[in-house]
Amino acid sequence: MSKKKTLRPETERFKHILIEAYQRGELSTNTTAKDMVQELANQLKQMLKRNHK
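What you are looking at is a predicted structure, and each value in this text was computed from that prediction instead of being measured.

Engineer: So what about the overall build of the protein? Which residues, and what values?
Structural biologist: When helices and strands are tallied, the protein shows two helices and zero strands. Counting over 53 residues, the protein shows a buried share of 13%. Carbon and sulfur atoms form 58% of the exposed surface of the protein, whose accessible area is close to 4900 Å².

Engineer: Explain the side chain of Gln 43 residue by residue, including any values.
Structural biologist: Within the element layout of this structure, Gln 43 appears in helix H2 (residues 33-51). At 2.9 Å, the side chain of Gln 43 forms a polar contact with the side chain of Glu 39. Leaving out residues up to four positions away in the same chain, Gln 43 has contacts with Ile 17, Glu 20 and Arg 24.

Engineer: I'd like a rundown of the environment of Leu 48, residues and numbers included.
Structural biologist: By the secondary structure assignment, Leu 48 is in helix H2. For the pair Leu 48 and Glu 10, spaced 38 residues apart in the sequence, the C-alpha separation amounts to 8.7 Å.

Engineer: So what about the pattern of salt bridges? Which residues, and what values?
Structural biologist: Under the defined criterion, the tally for this structure stands at one salt bridge. Here Lys 15 makes a salt bridge to Glu 12, at a shortest N to O gap of 3.2 Å. Of the two residues, Lys 15 and Glu 12 are both situated in helix H1 (residues 2-27); the distance of three residues between them amounts to about one turn of the helix. When its relative accessible area of 42% is taken as the criterion, Lys 15 is described as partly exposed.

Parameters at a glance
- Each chain has its residues counted from 1, following the order in which its sequence is written.
- For this predicted model, a pLDDT threshold of at least 70 governs which residues receive local features, and a threshold of 80 or more governs which side-chain atom pairs are given and counted, while totals over whole chains, interfaces and linings are taken from all residues.
- Hydrogens and waters are ignored; side-chain quantities use all the structure's heavy atoms.
- Helix and strand assignments follow DSSP, with helices taken as H or I runs no shorter than four residues and strands as E runs no shorter than two, numbered in order from the N terminus.
- To sort residues, take the accessible area from a 1.4 Å probe on protein chains only and compare it with the maximum for the residue type: under 20% means buried, over 50% means exposed, and anything in between is partly exposed.
- Throughout, the Shrake-Rupley method with a 1.4 Å probe supplies accessible areas, and for residues the shown protein chains are the sole cover considered.
- Polar contacts, as used here, are pairs of N or O atoms within 3.5 Å; protein pairs need one atom able to donate a hydrogen and one able to accept it. Residues neighboring in sequence count only if both atoms are side-chain atoms.
- For this analysis, residues touch if any pair of their heavy atoms sits within 4.5 Å.
- Between Lys or Arg on one side and Asp or Glu on the other, a salt bridge is scored when a side-chain nitrogen of the former is within 4 Å of a carboxyl oxygen of the latter.

Encoded structure:
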């Protein structure tokens, strides 16, 4: 059970990153799927770096 509690903030952050990436894609006509995935990957890397310090 304690493991589940420690994952919740990460899950929430991940959800927000996905929603933001999706919304940016909706607003921008020249953003490709590749661009969105690269942006998402960069944000996730940063999030994981902060969590592993």
